[in-house]
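Fold and contact review
One-letter residues, chain by chain:
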Amino acid sequence: MIKPTMFWRVARKSLMHRKTSVLLSILSICVSITVLLGVEHIRLEAKNSFSKTVSGVDLIIGARGGEINLLLYSVFRIGNATNNLSWASYQTINNHKNVAWTIPLSLGDSHQGYRVVGTSDGFFKHFQYGNKQGLNFQSGGSFADVLDVVLGAEVAESLGYKLDEQLVLAHGISKQSFSLHDDMPFRVVGILEPTGTPVDQALYVSLAGIEAIHVGWQNGVKMPGKSVPLSSLAKGGLTPKSITAVMVGLRSKMATFQVQRTFNQFKPEPLTAILPGVTLSQLWQTMGVLENTLRLVSFLVLIASLLGLSAMLLASMRERTNELRVLRTIGANPIFIFGLIQAEALLITLSAIMLSIISMFGLITWGNTILGETFSMTLGFNFLRAESCELLGYVIVGAVLVSFVPGLSAYRSSLGKAGSA
Amino acid sequence: MTEISDQPALLLKNVRYSYQPEHAPVIDIPLWEVPTGTSIFLRGASGTGKSTLLNLLSGMLVTNEGNLSIAGIELSQLSARQRDRFRAQHIGVVFQQFNLIPYLSVMDNVLLAAQFGSRGSNDIRAKAEALFSQVNIHKDLYGQQAQSLSIGQQQRVAIVRALLNSPDILLVDEPTSALDEANRDAFMSLLLKIVKEEKASLVLVSHDTTLSRYFETTIELSAINCPHSSPQEQAAREGRL
Ligand SMILES: Nc1ncnc2c1ncn2[C@@H]1O[C@H](COP(=O)(O)OP(=O)(O)OP(=O)(O)O)[C@@H](O)[C@H]1O
Ligand SMILES: [Mg+2]
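The following refers to the structure shown. It should be emphasised that the depicted structure is a prediction, and the values quoted were computed from it without experimental measurement. All residue numbers refer to position in the chain's written sequence, counted from 1. Here chains are named by letter from A upward and ligands by number from 1 upward, in the order in which they appear as written. Where totals are concerned, whole chains, interfaces and linings use all residues; where local detail is concerned, this predicted model gives features only for residues with pLDDT of at least 70, and gives and counts side-chain atom pairs only at 80 or more. The side-chain figures draw on all heavy atoms in the structure; neither hydrogens nor water molecules are used.

Section: the overall build of chain B
From N to C terminus, chain B includes nine helices and nine strands. For the radius of gyration, the atoms used are the C-alpha atoms, and the globule rule reads 2.2 Å times the number of residues raised to 0.38. Taken over the C-alpha trace, chain B has a radius of gyration of 18 Å; the compact-globule value for 241 residues is 18 Å, and the two agree within 12%. Its C-alpha atoms put chain B at 60 × 40 × 30 Å along the principal axes. Remark: exposure states derive from per-residue accessible area (1.4 Å probe, protein chains only) relative to the maximum for the residue type, with buried under 20%, exposed over 50%, and partly exposed in between. Split into buried and exposed, the 241 residues of chain B put 55% on the buried side. We call two residues in contact when some of their heavy atoms are within 4.5 Å. For chain B, contacts bridging at least 24 residues in sequence account for 74% of all contacts bridging at least 6. The way it works is that DSSP assigns letters per residue, a run of H or I at least four long becomes a helix, a run of E at least two long becomes a strand, and they are numbered from the N terminus.

Written out as structure tokens, the structure is:
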């Protein structure tokens, strides 16, 4: 019987014989597989890095409001809190018997479009991201003075700040803010290592620093003449009246739900307490429609290109009548001919898969230079995980299925075809 | 093999074939026998069913009725698969043109046919080279794509391919119509010489009367094929047999 090496040689040479149309088919399938792999990869990478933006924080508490909104402004620094939480409430939370540590957050100012976060030393000690990784300084350290600022990695990188440089914060979060706190410049005392999370995109000052720059401000407007000289600001006198939110670490994880309930039913002030992990996955699910639409579109693109493959093979049957007849006369049975068409479809698909794997490496490398510049996050090269391999499996099965059409056509014509040369 | 070589190369009895059942048969052969080892020229005008007959003989088409045996094997008794296998092993076919797979090399064309005939590859390559040198196909051409050869060269490669599996019978359909006078002459002499050496039987069909000078036996297709005989004649014939 026919040797496998001979069988595959025939299939390969037959394809090379029709280079142009075969190459176009390979490219068309390659593009759609790359789209499919790319969408899947970005989806999983995004989900992965998304779920790792915060870890080790048991509860986030803010003024009463939407849970997702609270997560968005406290962790992602997107949007604004509708209300603040009073300093007294913060004290109560901090002194709760089950609370191990707290990170107060005071938001509302910015610098060149990057958010300024008023917080405490605890932020650098307790905040974790990824797989319980803590924050580290690439240079300098935590703020010691009222007008000290610590920069996230991306802020330092893109604005080119070095230690000891001075910068001025702006009131509000718009990039074009004209109300500058220019009477009180801050000094860079530390720069954090990159984390690939929103931590990189903010500036950190002490709560006292936030208070200091707002002395003499009312309703977001600087009152002329009311600015207070720095020398008169004793550190103790700068206790905030309110903060935006607080991240909480508990002594015992067992108490999480109980503490959450306590603060959700807090009498003195309406509060909302969320479990970051739970709310993160809720937030991810709200993006499910987008995610599914992308996947659907890439699937449709793939189906279109597989149908294109089928059409190309079917069209080639016409010019191959003689060839098929020769095969039949030398003793090829219709199964061989059917198998040959299938093998050709398979070779085209496998070449397309290989090509798109190579393209993925290229695209990720290229994408990372851009992503790295703007978001200080990068995509991994691990796009061939189980899910993607499963998808590639479906692609191969799909190719085999659609080439049943040309395969059967060749099979049938070779059954009845009498050579009449 | 010895057992079947006693049989006639071809034996047809009451073979009838029509492309559409409602149409009159194209082929209706009451009796035709070709003894083993003979070379026969079957002449017929265009459209009289020569190619159809060759396709029946090679098992590419299946008779509607009657008995058709090749080297003692009744083709209608074989399954489609067995027929394909039988064709690969026992029958060599050469057409007017388009005998080769255009994108395969000369050698691959020949070896592919050998593999369908289940012949071992070591001695088959040697045999192919021997046959190639007999038909003046130079070594340099072995690796070339079949489509790059001239029509005459392709026809000669087709003979090698058809004879490589040592078929009992070689069926040749208008092999020379694409060749010029000189090439035709060379081709015919070569074909008959090589068929004799290989001890195969040969049936060559053509409309071209001049080919008869290469053969001892020439048969008019109309003499054995009577597709337009009336039902009465057929009944009489069947009663006689
Ligand atoms: N595939 C087919 N379907 C239907 N009818 C066919 C088919 N092939 C041939 N015929 C008919 O059968 C008859 C014999 O055709 P065939 O090709 O056998 O003739 P031929 O003797 O080989 O002619 P030529 O010398 O021109 O090659 C013709 O009338 C033709 O129309
Ligand atoms: Mg013909």
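Still more ground to cover, so stick around.
Structural notes on the pattern of salt bridges
Pairing between side chains of opposite charge can happen when the charged atoms of each approach one another. A carboxyl oxygen of Asp or Glu within 4 Å of a side-chain nitrogen of Lys or Arg is what we treat as a salt bridge. The final tally for this structure, using the stated rule, is 22 salt bridges over all chains. Measuring nitrogen to oxygen at the nearest pair gives 2.9 Å for the salt bridge that ties aspartate 58 of chain A to lysine 253 of chain A. With aspartate 58 of chain A in the loop between α2 (19-51) and β1 (59-63) and lysine 253 of chain A in the loop between β16 (245-250) and α8 (256-264), this pair connects stretches of sequence that are 195 residues apart. Classification of lysine 253 of chain A by relative accessible area gives exposed; the value is 55%. Glutamate 65 of chain B is the salt-bridge partner of arginine 16 of chain B, the closest N and O atoms lying 3.2 Å from each other. Of the two residues, arginine 16 of chain B sits in strand β1 (residues 10-17) while glutamate 65 of chain B sits in strand β4 (residues 65-70), which places them 49 residues apart along the sequence. On the accessibility criterion, arginine 16 of chain B (10% relative accessible area) is buried. Here glutamate 65 of chain B falls in the partly exposed class, since its relative accessible area comes to 40%.

A look at empty space enclosed by the protein
Using only the protein atoms, space was sampled on a 1 Å grid; points where a 1.4 Å probe fits but cannot get out form cavities, open sets with protein on both sides within 12 Å along at least five of seven lines form pockets, and lining residues are those with an atom within 4 Å of a point. Grid points are joined across faces, edges and corners, and a volume is the space filled by probe spheres set on the points. Going through the model one piece at a time under the given rule, you end up with six cavities of 30 Å³ or more. What the largest cavity holds in volume is close to 80 Å³. If you go around the largest cavity, the residues you meet are Thr329 and Ile330 of chain A together with Arg87, Ala88, Ile91, Gly92, Val93, Ala113, Arg161, Ala162 and Asn165 of chain B. With three residues, strand β6 (residues 91-94) of chain B is the single largest residue contributor to the lining of the largest cavity. Three residue categories are used. Nonpolar comprises Ala, Val, Leu, Ile, Met, Phe, Trp, Tyr, Cys and Pro, charged comprises Asp, Glu, Lys and Arg, and polar comprises the others, including Gly. Residues that form the lining of the largest cavity fall into these classes: six nonpolar, three polar and two charged.

Here we look at the site of ligand 1
Residue and element names in this part refer to chain B. Any residue with a heavy atom lying within 4 Å of a molecule or strand is counted as near it. By nearness alone, every residue bordering ligand 1 is listed as Tyr19, Val26, Ala45, Ser46, Gly47, Thr48, Gly49, Lys50, Ser51, Thr52 and Glu174. Between N or O atoms, a polar contact is any pair within 3.5 Å; within protein, one atom must be a potential hydrogen donor and the other a potential acceptor, and residues adjacent in sequence are included only when both atoms are from side chains. Residue glycine 47 places a main-chain N or O atom 2.8 Å away from an oxygen atom belonging to ligand 1. At a separation of 2.5 Å, an oxygen atom of ligand 1 approaches a polar side-chain atom of threonine 52. Every accessible area reported is derived by Shrake-Rupley at a probe size of 1.4 Å, with residue values counting cover from the shown protein chains alone. Look at ligand 1: alone it shows 630 Å² of surface, and the protein chains cover 61% of it.

Description of the layout of surface pockets
All names here are of chain A. By volume, the second largest pocket is sized at about 530 Å³. Around the second largest pocket sit 19 residues that line it, and Asn84, Ser106, Leu107, His214 and Ser242 are the ones nearest its centre. Those elements that provide at least two residues to the lining of the second largest pocket are β3 (99-111) and α7 (207-214). Among the elements that line the lining of the second largest pocket, the one with the most residues is β3, at four residues. A breakdown of the residues in the lining of the second largest pocket according to their chemical character gives five nonpolar, 10 polar and four charged.

Describing the interface of chain B and chain A
Contacts between chain B and chain A engage 31 residues on the former and 31 residues on the latter. The term buried area refers to how much accessible surface (probe radius 1.4 Å) is lost by two components on association, counted for both of them together. When chain B packs against chain A, the two sides together hide about 2,900 Å² of surface, and 60% of this comes from carbon and sulfur. Considering only the surface of chain B that becomes buried against chain A, Tyr103, Gln115 and Phe116 of chain B emerge as the three largest contributors, covering 27% of it. For the pair chain B and chain A, the interface holds three salt bridges. In this structure, the connection of chain B to chain A is made through six residue pairs in polar contact (both at pLDDT 80 or more). For the side of chain B that touches chain A, the elements supplying multiple residues, two or more each, are α2 (50-57), α3 (80-90) and α4 (106-116) of chain B.

What about the environment of lysine 196 of chain B?
All names here are of chain B. Note on placement: lysine 196 falls in helix α7 (residues 181-198). What makes lysine 196 exposed here is its relative accessible area of 65%. The spatial distance from the C-alpha of lysine 196 to the C-alpha of threonine 217 is 14 Å, given a sequence separation of 21 residues.

Observations concerning the packing of aromatic side chains
Residue and element names in this part refer to chain A. Each aromatic pair joins two rings of Phe, Tyr and Trp (for Trp, the six-membered one) with centres within 6.5 Å, and gets the label stacked for planes under 30 degrees apart, edge-to-face for over 60, and tilted for any other angle. Counted by the stated rule, this structure contains 17 aromatic pairs over all chains. Plain terms: the ring middles of phenylalanine 7 and phenylalanine 336 are 5.6 Å apart, the flat faces sit at 80° to each other, and that makes the pair edge-to-face. Linking phenylalanine 7 in helix α1 (residues 4-17) with phenylalanine 336 in helix α12 (residues 334-375), this pair joins segments that are 329 residues apart in sequence. Judged by its relative accessible area of 15%, phenylalanine 7 falls in the buried class. Residue phenylalanine 336 is classed as buried on the basis of its relative accessible area, which comes to 9%.

Re the sheet that holds β4 of chain B
Residue and element names in this part refer to chain B. Think of it this way: DSSP has to see at least two bridges between two strands before they count as a pair. Taken in spatial order, the four strands line up as β2-β1-β4-β5 in an open sheet, and their pairing is antiparallel. Sheet topology places β2 (27-34) and β5 (73-74) at the edges, where each strand pairs with a single neighbour. Where β4 lies against β5, two bridges are found, and the strand directions are antiparallel. Each bridged residue has a counterpart across the sheet, and for isoleucine 70 the counterpart in β5 is isoleucine 73.

A look at α8 of chain A
Residue pairs spaced three or four apart in an α-helix point in one direction, given the helix's 3.6 residues per turn. All names here are of chain A. Thr256, Val259, Gln260 and Phe263 are the residues of α8 that are buried. Angular distribution of buried residues about the axis of α8 spans 105°; they occupy a single face of the element. The elements touched by buried residues of α8 are β1, α4 (87-95), β16 and β17 (271-274). The arc in question is the one spanned by the directions pointing from the helix axis to the C-beta atoms.

Examining the sheet that holds strand β7 (residues 169-173) of chain B
Residue and element names in this part refer to chain B. Pairing within the open sheet is parallel, and its five strands lie in the order β6-β7-β8-β3-β9. On the outer flanks of this sheet lie β6 and β9 (217-220), each paired with one strand and no other. Neighbour-to-neighbour, the strand axes of this sheet turn through a mean angle of 20°, independent of strand direction. The pairing of β7 with strand β8 (residues 201-206) spans five bridges and is classified as parallel. Looking across to β8, one finds that isoleucine 169 is bridged to serine 201. Axes here mean lines fitted to C-alpha atoms, for a helix over just the part in contact, with angles spanning 0 to 180 degrees between N-to-C directions. Of the strands in this sheet, β6 and β7 are in contact with helix α6 (residues 151-164), which crosses β6 at around 170°.

Thoughts on the pairing of β1 of chain A
Residues and elements named next belong to chain A. For β1, a buried count of five out of five residues is recorded, marking the element as mostly surrounded by other parts of the structure. Sheet topology note: the β1/β16 ladder contains four bridges and is antiparallel. Residue pairing in the sheet places glycine 62 in a bridge with alanine 245 of β16. When β1 meets β17, the two strands line up antiparallel, connected through four bridges. Counterpart to isoleucine 61 in the pairing with β17 is alanine 273.

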